[in-house]
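One letter stands for each residue in the lines below.
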Protein chains: 2
Amino acid sequence: MHFCLDIGGTTTRGALFSTGGKILVRAGATGAALSLGAEHAAGIVREVWQQIKHTKGSEAPLESEIGIVAGIAGATIPGEAAKLTEILSEFASLRIVSDGYGALVSATNGAPGTLISVGTGLTGMRLFENGDSIAGSGWGFPIGDQGSGAWLGLCAMQDLTKYIDGIAPIQPVSADFVSQILAISGADRFDILHWQKNAKPKNYASLAPVVVKFAQGGDEYCLSLMQRAAREITELAQTLLPQNPTSHTDDPVTKPIWLSGGLSTPLLPYLKTGSAKINWRISRSEPLSGLYLLAAGKAPVENVIPRAVV
Amino acid sequence: MHFCLDIGGTTTRGALFSTGGKILVRAGATGAALSLGAEHAAGIVREVWQQIKHTKGSEAPLESEIGIVAGIAGATIPGEAAKLTEILSEFASLRIVSDGYGALVSATNGAPGTLISVGTGLTGMRLFENGDSIAGSGWGFPIGDQGSGAWLGLCAMQDLTKYIDGIAPIQPVSADFVSQILAISGADRFDILHWQKNAKPKNYASLAPVVVKFAQGGDEYCLSLMQRAAREITELAQTLLPQNPTSHTDDPVTKPIWLSGGLSTPLLPYLKTGSAKINWRISRSEPLSGLYLLAAGKAPVENVIPRAVV
């Protein structure tokens, strides 16, 4: 049996898999990104495990018989993954990968390929034939994550405050859109300053569904924001695409760019229109399935090649 | 005698003025924006006053003989200005204006006019003939302050992380510029994430001098960033310009847009090239002089007209 955990910033999903890959029990908890510390993450892993043990009752395996594979946000923070392994010594083994890698090998079923996850943040990952992988974007907000939900919310607030100042954005902005955004951020200068002071990426991302809704209704300004997001994601996709797109095996027309995350479906039409040469496809598999593939040796061990900085 | 204080987010400057407008004693302390609370601001005002009293010795006036005019960051935060007035009841009077207003009437010598302050943040203010004024920008980072030092730093980091990802910015980026920026932010993915997690507007603004230096050296990419900042500031200026620029008294060619703040001088050439129709001029007067004009009744009482939101 394999115990797999997909540990994000806000949610943790866990499952006990049979040796054949069947999910026997599911359990969940709040998020435990390693930026919150290894002790916190260990507590969450144990909490999820206790739920599974409770459900299995007398059939529950011993910790010493259980190998864990965890995809965890912040896996590359120096020292924390090693600390987590040390703390969770009651388990037979613990393998830690980045949260994006589980989603990637889940989408590709363990084969080489590319996934871009677009939710509150934005990350891209590509797995090569030789087992190496590279990551793109994922720099965090507000420097990075261009094209993500938090970024869409920031763009909307930047444009709306300019609109209030009397600086018109390129497209006309509807009063209805403005009032729905300001219902979230607060309506006057002081409210907006106060909102911003405490705003986390998820708060900015909470504006994105309003943008999505108005774009679907044909609002010109929101359409332009969705197109900008699609351009940002396409730029990232192009850096992850095969170096030699003319060779048969790496043909971008046949090799999809997998998309996951809450904004992937609303963004798909803009991505398709913006770059029809890329085979955009929504991944329907959950990261836990990818983590099982890793546990079962059906996907390569994660080996991210760092990008050269200059 | 008038006790005037220019209270910013990082620095407080105070001076005792003679009735005729001569500075008798100067004193200073750390900043005390009202977002930090009225109690904290009151403590700073008393600290500056004690320094002045100490310098004046036996000639020091009593608190009950002293009227204060303070320009303070966050003056519009509901309730805080009233609370500050209540706490500082040992003084004969306390008049509170926004920090930008002192700088504005200082630049115009109490006359109608427009000032844009561009440092870590960006604010604009215009004083009309009838004594009313309007404010623009000043929404705070990262939503607002486009064209400011913090914004320049954010733009540089956004572009550099894309550059590291293999997404080229429009202009070529020099390796020398990249290494000088990354010497501040940290050079690898984890360092940058960590830097960003703790970065305040002043940290982003600390990257701006590198952009300024390379632009002055002819670096194409940094030139484009300075031009973008100048465009943002010009857009703001246009919202503050007289409604009817053809009438003689409000002719933008004769009415200057005053500039203050650490980035005003480096940005001046780009503003002049970008919008030669605007009479850009650097203000050399300090905000304290404007606060004295207010204390002496030589500048109108501040009356900011709020902008309609929709």
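Here is what the cut-offs are and how they apply
Residues numbered from 1 in each chain as written. Chains lettered and ligands numbered in written order. Predicted model: local features only at pLDDT ≥ 70, side-chain atom pairs only at ≥ 80, totals over all residues. Heavy atoms only, no water. Helix = DSSP H or I, 4+ residues; strand = E, 2+ residues; numbered from the N terminus. Rg over C-alpha atoms; globule rule 2.2 N^0.38 Å. Buried < 20%, exposed > 50% of the residue type's maximum accessible area, 1.4 Å probe, protein only. Contact = heavy atoms within 4.5 Å. Areas by Shrake-Rupley, 256 points an atom, 1.4 Å probe, with all protein chains shown as cover. Lys, Arg positive; Asp, Glu negative; His and termini not counted. Charge placed at Lys NZ, Arg CZ, Asp CG, Glu CD. Pairing = 2+ DSSP bridges. Axes fitted to C-alpha atoms, helices over the stretch in contact; angles between N-to-C directions. Buried area = accessible area lost by both parts, 1.4 Å probe. Salt bridge = Lys/Arg side-chain N within 4 Å of Asp/Glu carboxyl O. Polar contact = N/O pair within 3.5 Å; in protein donor to acceptor, adjacent residues only side chain to side chain. Nonpolar A, V, L, I, M, F, W, Y, C, P; charged D, E, K, R; others polar. Domains from an automatic or database assignment. Least-squares fit on C-alpha atoms with pLDDT ≥ 70 in both. Arc of directions from axis to C-beta. Parallel < 35°, antiparallel > 145°, perpendicular 65-115°, else oblique.

## Focus: the overall build of chain A
The helix and strand tally for chain A stands at 11 helices and 10 strands. The globule rule puts the C-alpha radius of gyration for 310 residues at 19 Å, and the 21 Å found for chain A is close to it. Seen through its C-alpha atoms, chain A measures out along the principal axes to roughly 65 × 50 × 40 Å. Put simply, chain A has 310 residues, and 56% of those count as buried. Considering only intrachain contacts with a sequence separation of at least 6, the fraction spanning at least 24 residues in chain A is 65%. When the accessible surface of chain A is split by element, carbon and sulfur atoms take 54% of a total near 13100 Å². Averaging the positions of the 24 positive and the 26 negative side-chain charges in chain A gives two centres separated by 3 Å.

## Quick word on the sheet that holds strand E7 (residues 122–127) of chain B
Residue and element names in this part refer to chain B. Taken together, five strands build an open sheet; the order of strands is E8-E7-E6-E9-E10 and the sheet is mixed. The sheet is open, and its two borders are formed by strand E8 (133–137) and strand E10 (279–282), each paired with just one other strand. Recorded for the sheet is a direction-independent mean angle of 25° between the axes of neighbouring strands. Sheet topology places strand E9 (residues 256–260) next to E10; four bridges connect them, and they run parallel. Each residue of the ladder has a partner; that of Trp258, found in E10, is Arg281.

## Some remarks on the interface of chain A and chain B
Counting from both sides, the interface comprises 43 residues of chain A and, opposite them, 44 residues of chain B. Note on chain A versus chain B: buried area summed over both sides is about 3900 Å², and carbon and sulfur give 62% of it. Measuring nitrogen to oxygen at the nearest pair gives 2.5 Å for the salt bridge that ties B:Glu232 to A:Lys162. One can count 21 residue pairs in polar contact (both at pLDDT 80 or more) joining chain A with chain B. Of all the secondary structure elements, the ones that give two or more residues to the side of chain A that touches chain B are strand E8 (133–137), helix H4 (149–165), helix H5 (175–185), helix H6 (189–198) and helix H9 (220–240) of chain A. For the side of chain A that touches chain B, the element with the highest residue contribution is H4(A), accounting for eight residues. Taken together, the residues of the side of chain A that touches chain B sort by class into 24 nonpolar, 12 polar and seven charged.

## Details of the domain arrangement of chain A
Residue and element names in this part refer to chain A. Domain parsing of chain A yields domain 1 (2–109 + 285–295) and domain 2 (110–283). For domain 1 versus domain 2, the separation of C-alpha centres amounts to 28 Å. Of the residues lining the interface, 11 residues belong to domain 1; the matching set on domain 2 comes to 12 residues. For domain 1, the biggest contributors to the area lost against domain 2 are Leu104, Ala107 and Thr108; these three give 52% of the whole. On the surface where domain 1 and domain 2 come into contact, there are zero salt bridges.

## A word on the relation of the copies chain A and chain B
In screw terms, the move from chain A to chain B is a rotation of 180° and a rise of 0.0 Å along the axis, fitting with an RMSD of 0.1 Å. Expressed as a symmetry operation, the mapping of one chain copy onto the other fits a two-fold axis. Closest approach to the rotation axis within chain A is made by the C-alpha atom of A:Pro142, at a distance of 3.8 Å. A share of 100% of the interface residues of chain A reappears at the interface of chain B, consistent with the copies meeting face to face through the same patch.

## Digging into H5(A)
All names here are of chain A. Within H5, the full set of buried residues consists of Phe177, Val178, Ile181, Leu182 and Ser185. All buried residues of H5 fall inside an arc of 125° around its axis, so they share one side. Tucked into the core, H5 has its buried residues touching H4, H6, helix H8 (208–216) and H9. Two residues or fewer past H5, Gly186 is found with a positive phi of approximately 95°.

## Observations concerning the packing of helix H3 (residues 99–108) of chain B against helix H11 (residues 287–295) of chain B
Residue and element names in this part refer to chain B. Where H3 meets H11, the closest approach of the two axes is 7 Å, and the angle between their N-to-C directions is 85°. In terms of axis orientation, H3 runs roughly perpendicular to H11. Residues Tyr101, Gly102, Ala103, Val105 and Ser106 of H3 form the contact with H11, whose own contacting residues are Pro287, Ser289, Gly290, Leu291, Leu293 and Leu294.

## Observations regarding the sheet that holds strand E2 (residues 11–17) of chain A
Residue and element names in this part refer to chain A. Sheet architecture is open: five strands sit in the order E3-E2-E1-E4-E5, paired in mixed fashion. Looking at strand neighbours, the two that pair on one side only are strand E3 (23–30) and strand E5 (93–98), the edges of this open sheet. Pairs of neighbouring strands in the sheet enclose a mean axial angle of 15°, with direction left out of account. Note: E2 against E3, seven bridges, orientation antiparallel. For Gly14, the partnering residue across the bridge sits in E3 and is Ala27. Packed on one face of the sheet, helix H1 (residues 38–56) meets strand E1 (2–7), E2, E3 and strand E4 (67–72) and runs near 140° to E3.

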